[in-house]
Amino acid sequence: MTSILERAEPYYDPYDYEVDANAHAVWKRLRDEAPLYWNERYGFFALSRFDDVLPAMLDTTTFSSAHMTVLEMMTPETNPAPGMMIFMDPPEHTHLRKLVSRAFTPRAINGLEDRVRRLCAGYLDQFVGAGSFDFVDDFAARVPPAVILALMGFPEEAADEWRRGIDAMFHMEQTDVGFVGRRTPEEIQAATTASLFELLPQMLELRRRQPQDDMVSVLANSDLEEDDGSSRKLTDAEIFAFVTLLSIAGTETVARLLSWAAVLLARHPDQRRVLVEDPSVIPNGIEEMLRYEAPSPVNARWVTRELEYHGQRVPADSKMILLNGSADRDERHFDDPDRFDVCRAIDRHVAFGYGTHFCVGAALARLESRIALEETLARFPQWDVDDAELEWVHTSTVRGFAKVPIHF
């Protein structure tokens, strides 16, 4: 059987496990040989160069999010998921983002530092002297749901159940005829852990009477500005959608970023040593990890007008994948992009998106990742990873590991 890297023509399929494991080699071929790529099987175009991806992220009029931003969920109908900010364009997106940003203030994020550090210490201390543990299953996948649900105002004990629901929701099972695991917006909400959402109506009632310092209180009591200058309260359905979206995003991507941190620092012990000897470099090291292995390397958009890229026509109403994971390894923008360097000077990267849809939780993700690495390196300055023991996450939107056993 011919390897994907030996094919005569470049080949990219976001559902192919072999492509996922060899993504950077695949994406380099796209950048060099097919900077505008067409996938006939699934009917989408893909842009892979930094100078194509970044402007597309900034142009929300041409590259719309209102038809969903996950390839298998895209539909010609606009706004199929009311209340889901990520699936909206301005001005609706702008109004909702302004509201939800009130819960992501620097004060709110910084106020979580002690709790994040306590969580990390509690998860890690039990493994000191143990010789090995699964960095993702025992640690990296447990911290993000605990943190984001705390920010929401949910009880801490809900975190592990929520994490299991997220894992089941996004898994894509490869079969001989393609993949299974498609999720509609309704199925996404239905697939989330029922007990968490059973709590929400009661929480909303309580927070409307007695607001707390949490996101549910913000959503329940803030006014949403309308285009005509009027304002209104969010409906319960809209709040449910917000909680679903932000809880999912706050759980999945940070877990994959930390999974990459464990693998990359094992593969580059010289770079790990830099962080151990000078923890002040850790924040820059996290930016390099994001650039080098984006946990969310694929963003889909709906093209609203006819375009031309590299001498090829893109019809209106086409599906377009923006490969930010490829863009951040583009040698046309980054010097020696395949070198992992925690001290690299990075002017900008697109791992969190850019412009209107820049990740609203980026500051929280950076905080969690910084503290997780500080606490890990303080206890485990060295570890090894056996690639044969790694287990990939298989989704069309995130890339990383479900299991990373580390040995020390």
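Provided above is the structure to which this section pertains.
Just so you know, these numbers come straight off a predicted model, no measurement behind them. (Residues numbered from 1 in each chain as written. Predicted model: local features only at pLDDT ≥ 70, side-chain atom pairs only at ≥ 80, totals over all residues. Heavy atoms only, no water.)

Caption draft 1: View of the overall build of the protein chain. Regarding its fold elements, the protein chain presents 17 helices and 16 strands. Pairs at least 24 residues apart make up 70% of the contacts formed inside the protein chain by residues separated by at least 6 positions. If you sum the accessible surface of the protein chain, you get close to 17100 Å²; carbon and sulfur atoms cover 49% of it. (Helix = DSSP H or I, 4+ residues; strand = E, 2+ residues; numbered from the N terminus. Contact = heavy atoms within 4.5 Å. Areas by Shrake-Rupley, 256 points an atom, 1.4 Å probe, with all protein chains shown as cover.)

Caption draft 2: A look at the sheet that holds strand 16 (residues 405-407). One open sheet holds the 3 strands; their spatial order is 4-16-13, and the pairing between them is antiparallel. Here the strands that pair on one side only, and so sit at the sheet edges, are strand 4 (132-134) and strand 13 (384-385). Note: strand 13 against strand 16, 2 bridges, orientation antiparallel. The partner of D384 across the bridge, within strand 16, is H407. (Pairing = 2+ DSSP bridges.)

Caption draft 3: Fine view of the packing of helix 15 (residues 282-292) against helix 17 (residues 362-379). Orientation of helix 15 relative to helix 17, taken along the N-to-C sense of each, is 115°, at an axis distance of 10 Å. Classed by the angle they form, the pair helix 15 and helix 17 counts as roughly perpendicular. Here helix 15 runs over helix 17; the crossing is right-handed. Along the contact surface, helix 15 presents I282, P283, I286, E287 and M289, while helix 17 presents R366, S369, R370, L373, E374 and L377. (Axes fitted to C-alpha atoms, helices over the stretch in contact; angles between N-to-C directions. Parallel < 35°, antiparallel > 145°, perpendicular 65-115°, else oblique. Left-handed = near helix turned anticlockwise from the far one by under 90°.)

Caption draft 4: Inspection of the environment of H357 at higher detail. Mapped onto the elements, H357 comes out in the loop between helix 16 (324-327) and helix 17. Excluding its chain neighbours within four sequence positions, the residues that come into contact with H357 are T60, S65, M85, I86, M88, D89, H93, R97, R301 and F352. Here the side chain of H357 touches H93 through a polar contact of 3.4 Å, side chain to side chain. (Polar contact = N/O pair within 3.5 Å; in protein donor to acceptor, adjacent residues only side chain to side chain.)

Caption draft 5: Broad picture of the pattern of salt bridges. Throughout the structure, instances matching the rule amount to 36 salt bridges. Put simply, D137 and K403 hold a salt bridge, and the shortest N to O gap is 3.5 Å. Here D137 is found in helix 7 (residues 136-140), whereas its partner K403 is found in strand 15 (residues 401-403), with 266 residues between them in sequence. On the basis of relative accessibility, which here comes to 29%, the residue D137 falls in the partly exposed class. (Salt bridge = Lys/Arg side-chain N within 4 Å of Asp/Glu carboxyl O. Buried < 20%, exposed > 50% of the residue type's maximum accessible area, 1.4 Å probe, protein only.)

Caption draft 6: Focus on the pairing of strand 12 (residues 318-322). Within strand 12, 4 of the 5 residues are buried, leaving the element largely enclosed by the surrounding structure. In the sheet, strand 2 (residues 44-47) pairs with strand 12 via 4 bridges, with the strands oriented parallel. Opposite F45, over in strand 12, you have M320 as the bridge partner. Inspection of the sheet shows strand 9 (residues 299-303) paired to strand 12 by 5 bridges, in the antiparallel sense.

Caption draft 7: Main features of the sheet that holds strand 9. Read across the sheet, 5 strands follow the order 1-2-12-9-3 without closing on themselves; strand pairing throughout is mixed. Whereas interior strands pair on both sides, the edge strands pair on one side only; in this sheet they are strand 1 (36-39) and strand 3 (63-64). In the packing of helix 3 (residues 50-58) onto the sheet, the strands contacted are strand 2, strand 3, strand 9 and strand 12, and the crossing angle to strand 12 comes to about 115°.

Caption draft 8: Quick peek at the packing of aromatic side chains. What the rule picks out here adds up to 15 aromatic pairs. The interplanar angle of 35° and the centroid separation of 6.3 Å between the aromatic rings of F133 and F135 together place this pair among those described as tilted. Using a relative accessible area of 5% as the deciding quantity, one classes F133 as buried. Here the aromatic residues F127, F133, F135, F139, F380 and F408 are joined through ring pairs into a cluster of three or more. One Lys or Arg, R291, reaches over the ring of F334 and ends 5.3 Å from the middle of that ring. Directly above the aromatic system of Y292 lies the positively charged group of R329, at a separation of 3.6 Å from the ring centroid. (Phe/Tyr/Trp six-rings, centres within 6.5 Å; stacked < 30°, edge-to-face > 60°. Lys NZ or Arg CZ within 6 Å of the ring centre and 35° of its normal.)

Caption draft 9: Layout of the side chain of D341. Position of D341 relative to the elements: it lies in the loop between helix 16 and helix 17. For D341, the side chain forms a polar contact with the main-chain nitrogen of C343, separated by 2.9 Å. Not counting the four nearest positions on each side in its chain, D341 is found in contact with Q271 and E288.

Caption draft 10: How the structure looks around the nonpolar core. One finds Y12 and V404 to be the most contacted residues of the largest nonpolar core, which totals 111 residues. Among the elements that make up this core, the one with the highest residue count is helix 13 (residues 236-267) (18 residues). Not counting chain neighbours up to four residues away, the residues in contact with Y12 comprise V19, V26, W27, L30, Y37, N39, F44, V298, I321 and L323. Listed in part, the 18 residues of the second largest apolar core include L47, F50, M320 and V350. (Core = buried A, V, L, I, M, F, W, Y, C linked by side-chain atoms within 4.5 Å.)

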